[in-house]
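Residues per chain are reported as follows:
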Amino acid sequence: MPLLFRRTRTAEPSAIDVDHAGQRFEVALRRRPGLRRLTLRVSSATGQVVLTVPEHVTFASARSFAEAHGGWIAARIARVPERVGFVPGSAVPVRGIPHRIEHRPGMRALVKAEVDAELGPVLLVSGFSEAIPGRVRRYLTSEAGKDLREAVAKHTGALGIPARRIAIRDTKSRWGSCSSTGTLSFSWRLIMAPPFVLDYLAAHEVAHLKELNHSNRFWTLLKALCPQTEEAERWLKRHGAELHRYG
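Fair warning: this is a prediction, and the values are worked out from it, not measured in the lab. (Residues numbered from 1 in each chain as written. Predicted model: local features only at pLDDT ≥ 70, side-chain atom pairs only at ≥ 80, totals over all residues. Heavy atoms only, no water.)

Before going further, it helps to spend a moment on the overall build of the protein. Each helix and strand in the protein was counted, giving six helices and 11 strands. Relative to the 2.2 N^0.38 estimate, which gives 18 Å for 247 residues, the radius of gyration of the protein is 23 Å and therefore markedly larger than a compact globule would have. Across its three principal directions, the C-alpha atoms of the protein cover 75 × 45 × 40 Å. Relative to its full complement of 247 residues, the protein shows a buried share of 42%. Within the protein, residue pairs in contact and separated by at least 24 positions form 47% of the contacts whose partners lie at least 6 positions apart. Just so you have it, the protein exposes about 14600 Å², and 51% of that area is on carbon and sulfur atoms. Put simply, the protein has 38 plus and 23 minus side-chain charges, and the middle of one group is 7 Å from the middle of the other. (Helix = DSSP H or I, 4+ residues; strand = E, 2+ residues; numbered from the N terminus. Rg over C-alpha atoms; globule rule 2.2 N^0.38 Å. Buried < 20%, exposed > 50% of the residue type's maximum accessible area, 1.4 Å probe, protein only. Contact = heavy atoms within 4.5 Å. Areas by Shrake-Rupley, 256 points an atom, 1.4 Å probe, with all protein chains shown as cover. Lys, Arg positive; Asp, Glu negative; His and termini not counted. Charge placed at Lys NZ, Arg CZ, Asp CG, Glu CD.)

For soluble globular proteins, the rule of thumb is that nonpolar side chains tend to be buried together. With 46 residues, the main nonpolar core has Phe86, Val136 and Leu140 as its most contacted residues. Put simply, the parts of the chain that give this core at least two residues each are β5 (91–94), β8 (120–125), α3 (132–159), β11 (183–187), α4 (195–207), α5 (216–225) and α6 (229–239). Beyond its immediate stretch of four places on either side in the chain, Val136 contacts Phe86, Ile101, Val111, Leu123 and Val125. In terms of nonpolar packing, the next biggest core, distinct from the first, is built from 16 residues, Val18, Val27, Val57 and Ala62 among them. (Core = buried A, V, L, I, M, F, W, Y, C linked by side-chain atoms within 4.5 Å.)

Further remarks concern the side chain of Thr52. Following the sequence through the fold, Thr52 ends up in strand β4 (residues 49–53). Excluding residues within four positions of it along the chain, Thr52 makes contact with Arg30, Arg32, Leu35, Arg37, Leu38 and Thr39.

Glancing now at the packing of α5 against α6. Angle between the axes and distance between the axes are the two parameters that describe a pair of packed helices. Direction vectors running N to C along α5 and α6 enclose 100°, while the axes themselves pass 9 Å from each other. One finds that α5 runs roughly perpendicular with respect to α6. In this structure, α5 uses Trp219, Leu222 and Lys223 to contact α6, whose residues at the interface are Thr229, Glu230 and Glu233. Among the residues making up the contact of α5 with α6, the classes are represented as two nonpolar, one polar and three charged. (Axes fitted to C-alpha atoms, helices over the stretch in contact; angles between N-to-C directions. Parallel < 35°, antiparallel > 145°, perpendicular 65-115°, else oblique. Nonpolar A, V, L, I, M, F, W, Y, C, P; charged D, E, K, R; others polar.)

So, on to the pattern of salt bridges. Per the stated rule, a full pass over the model turns up 14 salt bridges. Here Asp170 ties to Arg137 by a salt bridge, and the two come within 3.0 Å at their closest N and O atoms. Of this pair, Asp170 sits in the loop between β9 (165–169) and β10 (176–178) while Arg137 sits in helix α3, and the two are 33 residues apart along the sequence. In this structure Asp170 comes out as partly exposed when scored by relative accessible area, which is 24%. With a relative accessible area of 33%, Arg137 lands in the partly exposed category. Asp170 is the salt-bridge partner of Arg189, the closest N and O atoms lying 2.9 Å from each other. A residue pair is termed long-range when its members are at least 10 positions apart, and Arg189 in the loop between β11 and α4 and Asp170 in the loop between β9 and β10 qualify at 19 residues. (Salt bridge = Lys/Arg side-chain N within 4 Å of Asp/Glu carboxyl O.)

Right, let's talk about α5 for a bit. Taken together, the buried positions of α5 are Phe218, Leu221, Leu222 and Leu225. Taken down its axis, α5 places every buried residue within 100° of arc, on the same side. The exposed residues of α5 that point more than 90 degrees off its buried face are Asn216, Thr220 and Ala224. Where α5 is buried, its residues contact α3, α4 and α6. (Arc of directions from axis to C-beta.)

Here we take up the pairing of strand β1 (residues 15–20). Relative to strand β2 (residues 23–31), β1 runs antiparallel, the two being bridged by six bridges. Counterpart to His20 in the pairing with β2 is Gln23. Here β1 folds back onto β2 in antiparallel fashion, the turn holding two residues, of which Ala21 has a positive phi close to 50°. (Pairing = 2+ DSSP bridges.)

This is the structure we're talking about:
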């Protein structure tokens, strides 16, 4: 019986460098079986550029495609909001209100939100300066958990169906999700949005406990749970990507 050999693809780079108008952009290369055409995307949250290509497309063709779209990549990246670190002097929204980060090394609490007579709303952070980013992030994650658990409890109480578990994560592609087993997952970054937006996301995922789809029945149920559904969706469409600029 003759031996059969499987043709293997020569190892190729995982990214393509694209030069445009004096700038260089790194384009991550992803291959996906069954894909019919090349797709190029720039994340509005992180600015990452990803080129997804079918298996049959050569690396040379993929590179030519990416290079031909250098101007398009540059324009999309220019729209990505500038990063704001969790460092003293930065303004970070908490429940929709900008809070200035202030370092208080000798303070007993790790992080405390209050209103300063001169500075207005502030986040006071104790400890060494290098610990500030992590402490602010943990504080915001904790506050998000508190608000989301409260909102979920309100909506599950109205619906009469309990959530199995609530998980707080840092998702990039979605603000929340509901699994078939009843686990609700949310982005901690929702704590930076106005409260009615967080409440809407909680209601959205709770509604999926009964309607695990986006049918007309789902939207009717969601609007009954959260009358501000349309207002919250407009806010997320206009400002949602900005929440990923912090931290």
